[in-house]
Amino acid sequence: MTLLELHDVTAGFGAVTVLHGITMSVAEGSIAGVFGLNGAGKSVTMKAIGGTVPARSGQVLFEGEDITRLSPEKRVARGMGHVPQGRQVFPQLTVEENLRLGAYTLRRKDKGRYGPALDSVFDRFPVLKQRRQQLAGTMSGGQQASLAVARALINQPRLILVDEPSAGLSPVAQLELREVLQVVKDSGVTMVLVEQNIAFGLSLVDTAHLLQTGVVVHTAPVSELDDDTLATHLGIGKVLAGATGSALSARKGSKR
Amino acid sequence: MGQVLVLGLINAGIYAVFALGVVLVYRGTGVLTFAQGEIGTLGLYVAYVLVTEQHLPWLVGAAGALLVTTALGAAFELLLVRRMVAADPVSTAVLTVGLGLTILACEFFFFGASPRVLDPPFLAASFTVAGVVVTPTQVAALVVALALGFGLQAVLRRTDFGLGILAASQDAAAVRLVGIPLSRITLVLWSGGAFLAGLAALLVEPTVGTVTPGYASELFVVGLAAAVIGGLTSLPGAVVGGVVLGIAESAASRYLSDANIPGLRYVTVFAVLLAVLLYRALAPELRRRLAPAPAGATA
Ligand SMILES: Nc1ncnc2c1ncn2[C@@H]1O[C@H](COP(=O)(O)OP(=O)(O)OP(=O)(O)O)[C@@H](O)[C@H]1O
Ligand SMILES: [Mg+2]
């Protein structure tokens, strides 16, 4: 079943059009990857899905319903969660307060569900439980990344939009983050994942959407992607493509 | 000395309440609001109509004043600020200047330039501290300022929406991404700021007993300076700024009154503001230069 669909979505700022007609669909329970160079419009695509940069034309469908005109807040209430680029945790609030805000719409619907939701997040992220009273801004980058993911998950979304989660993380922290995102996926949450780090992204996603200046130029299941396609559409040279190759062959071998 | 302190603290509360309104709006929206003084004065005219003209009790007049100022803040947000979402904070700040001037014009139009009498609530209840006559509203101003400055944050933390207000002052965009309606937060902040402006004016009016157009604006300018001294984003800082300016001002008028400086109040406020801003600008550099020196050598 398709959870999210974009039909010919355009969006931009003032006189500038950034997205020139994005079409993609995301199957329930899958991870859709969005890849492209800096400035290709990956984040703006995420914002068009989330509603903070509303689509100027085209349609955004969520669970089969047209949400193109819905405010970002309403979309969250309907089951979207965000792990924005740069994480954007609230630096001067504690870990627990960040999580409480993450569960804002859950708590409004039913306060009783918050306790169990908090427990399950703490089970998944023991480091957050240890540091529940710490100000979010004083944690390490990796811990803040965990908090950003946890803040989205605690609201029990059906879809989470994750924008460049690995940026600025050490290799160890990246591995941990990968684990976390894999667990999220296995729990049945659908995900749209934007990554600059192609190897990191390809190790997780089911389908890749390659973006160039606001247009999806290529869509394929990861199993059908090869280095040449990546090199052509992302304009990356053979050196980098070689690095992604191992991620690709690993994915093909594992046949997930 | 005691007299200087008491006189200083009397004004400090008023400055601080004005400063708190500025900080509240600035923290949550990034906009510096310049209309607070005129909003407060407008509230006093509402109280004047209710109390002096309609002979209603003072508290009814005060409630009316707070209602009108709060509603004005809300209307300002709903009708103007909200439509300028794409505008930068400076444009919105200029809009608040326009609001202040509009209110001022209305005050002149409806009430004229001559002072209107608004009697204080509890005339007989004043008492003397260190040789200074202190009225209950003056004490109330200080208590309100301290309670808001040091308690508001804690109160906000208790509810999800209040926590959302604090979060909005740290990252407004992220607030929407967790599903909190940002527009409701800005509505509350602008209304709250206007409420505080009305409150500050009500707390100071009994000391003078009359209202004129632009009445509270002079005090507001000092309140604005207090907010800046407190760092613009800190509620306790705003109160500290108010206290510093209140005491500096009463000390100046006590010890420099022979010097016959015109506009001594503003000269003092400006001098303190300048000193604080200069210190803030230069402190990192000073610290850097002094750092290698052994402790004690700097004393
Ligand atoms: N708020 C904005 N106002 C004007 N232009 C913007 C704004 N945000 C993004 N853009 C423009 O839209 C284009 C796409 O930006 P976007 O942030 O989506 O890139 P991206 O693919 O996410 O890149 P990166 O990998 O660097 O995050 C860029 O040309 C950018 O300058
Ligand atoms: Mg981006």
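Calculation rules
Residues numbered from 1 in each chain as written. Chains lettered and ligands numbered in written order. Predicted model: local features only at pLDDT ≥ 70, side-chain atom pairs only at ≥ 80, totals over all residues. Heavy atoms only, no water. Helix = DSSP H or I, 4+ residues; strand = E, 2+ residues; numbered from the N terminus. Rg over C-alpha atoms; globule rule 2.2 N^0.38 Å. Buried < 20%, exposed > 50% of the residue type's maximum accessible area, 1.4 Å probe, protein only. Core = buried A, V, L, I, M, F, W, Y, C linked by side-chain atoms within 4.5 Å. Contact = heavy atoms within 4.5 Å. Pairing = 2+ DSSP bridges. Buried area = accessible area lost by both parts, 1.4 Å probe. Salt bridge = Lys/Arg side-chain N within 4 Å of Asp/Glu carboxyl O. Polar contact = N/O pair within 3.5 Å; in protein donor to acceptor, adjacent residues only side chain to side chain. Near = heavy atom within 4 Å. Areas by Shrake-Rupley, 256 points an atom, 1.4 Å probe, with all protein chains shown as cover. Nonpolar A, V, L, I, M, F, W, Y, C, P; charged D, E, K, R; others polar. Donors = N, O, S within 2.8 Å, 3.2 Å for Na, K, Ca; no water. Lys, Arg positive; Asp, Glu negative; His and termini not counted. Expected span 1.5 Å × (residues − 1). pLDDT = per-residue confidence, 0-100.

Looking at the overall build of chain B
Each helix and strand counted, chain B has 11 helices and 4 strands in total. Against the globule reference of 19 Å for 299 residues, chain B gives a C-alpha radius of gyration of 20 Å, in line with a compact fold. Structurally, chain B occupies a C-alpha span of about 70 × 60 × 35 Å along its principal axes. Within chain B, the fraction of its 299 residues that count as buried is 45%.

A closer look at the nonpolar core
In terms of nonpolar packing, the biggest core is built from 78 residues, with B:F18, B:V175, B:L202 and B:L245 touching the most fellow members. When residues in this core are grouped by element, the largest group, 13 residues, is from helix 8 (residues 182-208) of chain B. Setting aside chain neighbours within four positions, we find B:V175 in contact with A:F90, B:G164, B:A167, B:A168, B:I180, B:L182 and B:I185.

Quick notes on the pairing of strand 2 (residues 16-27) of chain A
Bridge analysis of strand 1 (residues 2-13) of chain A against strand 2 of chain A gives 9 bridges, and the strand direction is antiparallel. Note on strand 2 of chain A: the bridge partner recorded for A:V9 is A:I22.

With respect to the sheet that holds strand 1 of chain A
If you trace the 4 strands from one edge of the open sheet to the other, you get 2-1-4-5 (chain A), paired in antiparallel fashion. Two strands in the sheet have a free side with no partner beyond their single neighbour: strand 2 and strand 5 (65-66) of chain A.

Considerations on the interface of chain A and chain B
By convention, interface size is frequently given as the accessible area that disappears when the constituent parts associate. The interface of chain A with chain B comprises 20 residues on the first partner and 22 residues on the second. Three residues, A:E73, A:F90 and A:Y104, lead the burial of chain A against chain B; their summed loss comes to 32% of the area buried on that side. In this structure, the connection of chain A to chain B is made through 4 salt bridges. Close ionic contact of A:R107 with B:D160 constitutes a salt bridge, the shortest N to O distance being 2.5 Å. On inspection of chain A and its partner chain B, the count reaches 9 residue pairs in polar contact (both at pLDDT 80 or more). At the level of secondary structure, the elements contributing two or more residues to the side of chain A that touches chain B comprise helix 2 (72-77), helix 3 (95-102) and helix 4 (104-109) of chain A.

Observations concerning the site of ligand 1
All names here are of chain A. Surrounding ligand 1, one finds 13 residues, the nearest of these being N38, G39, K42, S43 and Q196. At 2.9 Å, a backbone N or O of V44 approaches an oxygen atom of ligand 1. In isolation ligand 1 offers 630 Å² of accessible surface; the protein chains occlude 60% of this area. If you tally residues by element for the shell around ligand 1, the top one is helix 1 (residues 42-50), at 3 residues. Considered class by class, the residues forming the shell around ligand 1 number 5 nonpolar, 6 polar and 2 charged.

A closer look at the coordination of the magnesium ion (ligand 2)
Residue and element names in this part refer to chain A. With distances of 2.0 to 2.2 Å, the protein atoms coordinating the magnesium ion (ligand 2) are S43 (OG) and Q85 (OE1). Residue S43 is found in helix 1, and its partner Q85 is found in the loop between strand 6 (80-83) and helix 3; the two are separated by 42 residues along the sequence. Exposure remark for Q85: the relative accessible area of 40% places this residue in the partly exposed category.

Some words on the side chain of B:E107
Locating B:E107 in the fold gives a position in helix 4 (residues 89-111). No salt bridge is formed by the buried B:E107; the nearest opposite charge belongs to B:R116, separated by 11 Å.

With respect to the pattern of salt bridges
For the coordinates displayed, the defined rule picks out 10 salt bridges over all chains. Between B:R157 and A:E97 there is a salt bridge; the shortest N-O distance is 2.6 Å. A residue pair is termed interchain when its members come from two chains, as with B:R157 in helix 5 (residues 136-158) and A:E97 in helix 3. Owing to a relative accessible area of 24%, B:R157 belongs among the partly exposed residues under this scheme. Classification of A:E97 by relative accessible area gives buried; the value is 10%. Linked by salt bridges that have partners in common, A:E28, A:E63 and A:R158 make up one network.

Thoughts on helix 5 of chain B
Residue and element names in this part refer to chain B. Across its 23 residues, helix 5 extends 31 Å between first and last C-alpha, which sits within 8% of the 33 Å expected from 1.5 Å per residue. All of the buried residues along helix 5 are T137, Q138, A141, A145, G149 and L156. Taken together, the buried residues of helix 5 touch helix 1 (2-29), strand 3 (132-134), helix 6 (160-168), helix 8 and helix 10 (235-255).

Here's the deal with the confidence of the model for chain B
Residue and element names in this part refer to chain B. Per-residue confidence for chain B gives a mean pLDDT of 85, with 96% of residues at or over 70. Of all helices and strands in chain B, the one with the weakest mean pLDDT is strand 3 (79), whereas helix 3 (residues 58-79) scores best (93). In the model output, the complex is listed with pTM 0.83 alongside ipTM 0.85.

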